[in-house]
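# Remarks on the overall topology
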Amino acid sequence: MRIAGQVSVDDLPRICPLLSRQGNPRYGDRETRVVEVRGVRFGGDRPVVIAGPCAVESHEQTVAVARAVKRAGADMLRGGAYKPRTSPHDFQGSGLEGLCILSIARQETGLPVVTEVMDPRMVGEVAGVADMLQVGSRNMQNYPLLAEVGRARKPILLKRGMAASLCEWLGAAEYIAKQGNLDIVLCERGIKAFPSGEYSRYVLDLNVIPAVQEKTFLPVIVDPSHATGVAAMVEPASRAALEFGSHGLMIEVADFSFGEPRCDGAQAIDGETLGRIVKFAQARVAPLMENQHAA
Ligand code: PEP
Ligand code: MN
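The following paragraphs examine the structure supplied in this document. (Residues numbered from 1 in each chain as written. Chains lettered and ligands numbered in written order. Predicted model: local features only at pLDDT ≥ 70, side-chain atom pairs only at ≥ 80, totals over all residues. Heavy atoms only, no water.)

### Overview of the overall build of the protein chain
The helix and strand tally for the protein chain stands at 11 helices and 10 strands. A globule of 295 residues ought to have a C-alpha radius of gyration of about 19 Å, and the protein chain, at 18 Å, matches this closely. The C-alpha extent of the protein chain, read off along each of the three principal axes, is 55 × 45 × 40 Å. Across the protein chain, contacts joining residues at least 24 apart in sequence account for 70% of those joining residues at least 6 apart. Working note: accessible area of the protein chain is about 12800 Å², and carbon and sulfur atoms make up 50% of it. (Helix = DSSP H or I, 4+ residues; strand = E, 2+ residues; numbered from the N terminus. Rg over C-alpha atoms; globule rule 2.2 N^0.38 Å. Contact = heavy atoms within 4.5 Å. Areas by Shrake-Rupley, 256 points an atom, 1.4 Å probe, with all protein chains shown as cover.)

Rendered as structure tokens:
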């Protein structure tokens, strides 16, 4: 039986000629393209740690968390000014004001900022502030948005769709690359699978990390916060991701003196826990996969 629309990893050189190793022999079978965000090097000689609040809620909360992130030794600040929420009645983020707050937090700490853009019409506005644009899981296959961020001349953090195959994920990255922007960092953030929601939010697909590294030269990081949805799981999941060769982590952090965060409070860790994760990450000189290949 022939089935329409089915693809396999063997089709990757055709689906993403700009990003597959096969179409780009200069990267060989193990070299990673280094994506630089204001001096922070994804795919460089040590893993990168991005951390910050789920959402930018207020100036005070964001600057307090940003300072904790800086103190912990992380490399970059995250924080959503525009939040994709399941209910339209829930807090949607603080929008343009949130972008201003992020730029103040960057000034205060010197940390480069990554933030999500959901609407192709907002790419210019968000790119005016952000050092790196995040395309979230729900928008991984929003092709007009991918083309628009591809034209924005900013590095892109492309999260994996929660039900996306490797081919679909890399195909989405190719839309960005097709606009001439190869500064893409992939981010595994958990997938919907049989036990999702029973004891964790999603299922962290660690196995995809070496698979990504085999098929493309783009760096890949892991978001253990959305993948687990459970604060106590974030530290062990971070270590596991690094053991699997992840080029970095993106972690949600809260300052609980401001009360429970307005979104994703149950997965937020404190600055002290972040500090331990950063230490663990910084002790790793190069991702495991590269060591294995070099051996
Ligand atoms: C986020 O990182 O803020 C986020 C909403 O994550 P995801 O798109 O992976 O759900
Ligand atoms: Mn979140």
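Once the structure has been displayed, the description carries forward.
### What about the environment of Ile176?
Mapped onto the fold, Ile176 is located in helix H6 (residues 166-177). Here the alpha-carbon distance between Ile176 and Val230, two residues 54 residues apart in the chain, equals 32 Å. Beyond its immediate chain neighbours, meaning those up to four positions away, Ile176 contacts Leu146, Val149, Gly150, Ile156, Leu158, Asn181 and Ile184.

### Points about the nonpolar core
Membership of the largest hydrophobic core comes to 69 residues, with the highest contact counts inside it found for Leu158, Leu186 and Leu274. For this core, the element with the most residues is H6, which contributes 8 residues. Each residue touching Leu158, except ones within four places of it in the same chain, is listed here: Val135, Met140, Leu146, Trp169, Ala172, Ala173, Ile176, Ile184, Val185, Leu186 and Cys187. Ile50, Met76, Leu157 and Met250 belong to the second largest nonpolar core, which has 14 residues in total. (Core = buried A, V, L, I, M, F, W, Y, C linked by side-chain atoms within 4.5 Å. Buried < 20%, exposed > 50% of the residue type's maximum accessible area, 1.4 Å probe, protein only.)

### Thoughts on the site of ligand 1
Taken together, Arg78, Lys83, Pro84, Glu116, Gln134, Gly136, Ser137, Arg138, Lys159, Arg189, His226 and Met250 make up the full set of residues adjacent to ligand 1. Residue Lys83 places a side-chain N or O atom 2.9 Å away from an oxygen atom belonging to ligand 1. Between ligand 1 and the protein, one listed contact pairs an oxygen atom with a side-chain N or O atom of Lys159 at 2.8 Å. Considering ligand 1 on its own, with 300 Å² of exposed area, one finds that the protein chains cover 97% of that surface. More than half of the atoms of ligand 1 fall within 2 Å of the grid points belonging to the largest pocket. Here the shell around ligand 1 is built from residues that sort into 2 nonpolar, 4 polar and 6 charged. (Near = heavy atom within 4 Å. Polar contact = N/O pair within 3.5 Å; in protein donor to acceptor, adjacent residues only side chain to side chain. 1 Å grid on protein atoms, 1.4 Å probe; cavity = no way out; pocket = protein on both sides within 12 Å on 5 of 7 lines; lining within 4 Å. Sits in = over half its atoms within 2 Å of the grid points. Nonpolar A, V, L, I, M, F, W, Y, C, P; charged D, E, K, R; others polar.)

### Here's the deal with the pairing of strand S6 (residues 132-135)
Regular strands have side chains that alternate between both faces of the sheet. A two-sided burial pattern is seen for S6, the buried positions comprising Met132 and Gln134 on one face and Leu133 and Val135 on the other. With 3 bridges joining them, strand S5 (residues 113-116) and S6 adopt parallel strand pairing. Of the residues in S6, the one forming a bridge with Thr115 is Leu133. A crossover connection joins S6 to the parallel strand S7 (residues 156-159) through helix H5 (residues 143-150); in handedness this β-α-β unit is right-handed. (Pairing = 2+ DSSP bridges. Right-handed = clockwise from strand over helix to strand, strands pointing away.)

### Some thoughts on the pattern of salt bridges
Counted according to the given criterion, the structure contains 17 salt bridges. Glu252 is paired through a salt bridge with Arg78; the nearest N and O atoms lie 3.3 Å apart. Here Glu252 is found in strand S10 (residues 248-252), whereas its partner Arg78 is found in strand S4 (residues 76-78), with 174 residues between them in sequence. According to the relative accessible area criterion, Arg78 is buried, its value standing at 3%. (Salt bridge = Lys/Arg side-chain N within 4 Å of Asp/Glu carboxyl O.)

### Quick word on the packing of aromatic side chains
Tallied over the full model, the rule gives 2 aromatic pairs. When the ring of Tyr27 is compared with that of Phe217, the centres are 4.0 Å apart and the planes differ by 10°; the resulting orientation is stacked. Residue Tyr27 is located in the loop between helix H1 (12-15) and strand S1 (35-37), and its partner Phe217 is located in the loop between helix H7 (208-215) and strand S9 (220-222); the two are separated by 190 residues in the primary sequence. Pair check on accessibility: Tyr27 and Phe217 agree, each one buried. Both rings, one in Tyr143 and one in Tyr175, keep their centres 4.2 Å apart while their planes meet at 20°; by these two values the pair is stacked. Of this pair, Tyr143 sits in helix H5 while Tyr175 is found in helix H6, placing the two residues 32 residues apart along the sequence. A relative accessible area of 32% places Tyr143 in the partly exposed class. One residue, Arg189, lies across the ring of Tyr202, its end atom 4.1 Å from the ring centre. If you follow Arg262 out to its NZ or CZ, it ends over the ring of Phe91, 3.9 Å from the centre. (Phe/Tyr/Trp six-rings, centres within 6.5 Å; stacked < 30°, edge-to-face > 60°. Lys NZ or Arg CZ within 6 Å of the ring centre and 35° of its normal.)

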